[in-house]
Amino acid sequence: KQEQLLIQQSKLAEMGEMISMIAHQWRQPLSALSTITQNIHLSHSLGKLDTQYLDKQRILSNALTEKMSKTIDDFRNFFKPNKEKHAFSIKSAIQQTIFLIDDSFQSNSIKITNQILDDVIIYGFESELSQVLLNIITNSKDAFLESKVKNPNITIKTKKSEGNIQILISDNAGGIEDKIINKIFEPYFT
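1. Some points on the overall build of the protein chain
Here's step 1: When helices and strands are tallied, the protein chain shows 4 helices and 5 strands.
Here's step 2: Written out in order from the N terminus, the α and β elements of the protein chain read α-α-β-α-β-β-α-β-β.
Here's step 3: Against the compact-globule benchmark of 16 Å for 190 residues, the protein chain has a radius of gyration of 21 Å, which places it well outside the compact range.
Here's step 4: Taken along its principal axes, the extent of the C-alpha atoms in the protein chain is 70 × 40 × 35 Å.
Here's step 5: Here the protein chain holds 190 residues, and the buried ones make up 28% of them.

2. Quick notes on the nonpolar core
Here's step 1: Within the largest apolar cluster, 24 residues are counted, with the highest numbers of intra-cluster contacts made by Ile-94, Ile-101, Phe-105, Ile-112, Ile-137, Ile-154 and Ile-156.
Here's step 2: Looking at this core, the elements that each hand over two or more residues are helix H1 (2-45), helix H3 (90-107), helix H4 (126-147) and strand E4 (153-161).
Here's step 3: Here this core gets 7 residues from one element, more than from any other, and that element is H3.
Here's step 4: Not counting chain neighbours up to four residues away, the residues in contact with Ile-112 comprise Ile-98, Ile-101, Phe-105, Ile-137, Asn-153, Ile-154 and Ile-156.
Here's step 5: Residues Ala-32, Leu-33, Ile-36 and Met-68 belong to the second largest nonpolar core, which totals 5 residues.

3. Re the environment of Asp-102
Here's step 1: Take Asp-102: it is sitting in helix H3.
Here's step 2: For the pair Asp-102 and Asn-164, spaced 62 residues apart in the sequence, the C-alpha separation amounts to 28 Å.

4. Some points on the sheet that holds strand E2 (residues 111-115)
Strand-to-strand pairing in sheets goes through backbone hydrogen bonds, with the strands running parallel or antiparallel.
Here's step 1: The strand order across the open sheet built from 3 strands is E2-E4-E5, with neighbouring strands paired in mixed fashion. Since the sheet does not close on itself, it has two edges, and those belong to E2 and strand E5 (164-171), each with one partner. In this sheet, adjacent strand axes meet at a mean angle of 15° when their direction is disregarded.
Here's step 2: The pairing of E4 with E5 spans 8 bridges and is antiparallel. Note that in E5 the partner of Thr-158 across the bridge is Ile-167.

Cut-offs used in this document
Residues numbered from 1 in each chain as written. Predicted model: local features only at pLDDT ≥ 70, side-chain atom pairs only at ≥ 80, totals over all residues. Heavy atoms only, no water. Helix = DSSP H or I, 4+ residues; strand = E, 2+ residues; numbered from the N terminus. Rg over C-alpha atoms; globule rule 2.2 N^0.38 Å. Buried < 20%, exposed > 50% of the residue type's maximum accessible area, 1.4 Å probe, protein only. Core = buried A, V, L, I, M, F, W, Y, C linked by side-chain atoms within 4.5 Å. Contact = heavy atoms within 4.5 Å. Pairing = 2+ DSSP bridges. Axes fitted to C-alpha atoms, helices over the stretch in contact; angles between N-to-C directions.

By themselves, these observations are geometric and do not establish any function.
This is how it looks when you write it as structure tokens:
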């Protein structure tokens, strides 16, 4: 029962993080939609509302709502577990992960430096890799906020070696304390 409870809590925490990231992605288009509505009202009150202006605002509004809808699809696909292995691009998986979190990181002045030079196609579970990357990067963000690091920066690199690909992630948050380093791969350890 305790293990089931921990699994459920972990899922709720993931969902909370996802909702937070969606909110960051939606803030800008929602603000822009609000501005469009206010501008239409202002144009109407000044007697300057014409068909051309309305059409332009409608097109802009549609583009913003499509962006918001795509955000939901991106997150749904990101968190959907793969049933089967398939070939995918490491570079694309990393870029998609960065895209999903970029707004929330920018709002916290966290810079992500992507130094992936060579693309590698691997065979495996893409969304699982993306979720691991997301967890590592989010842990860096938490450490930055907790330690109040000035100029927080995360660097992501890939390195080929002897038929393998390594994904190297580093940050300037101060590292993991020696007294807990041996516990970081234990289930449910935070």
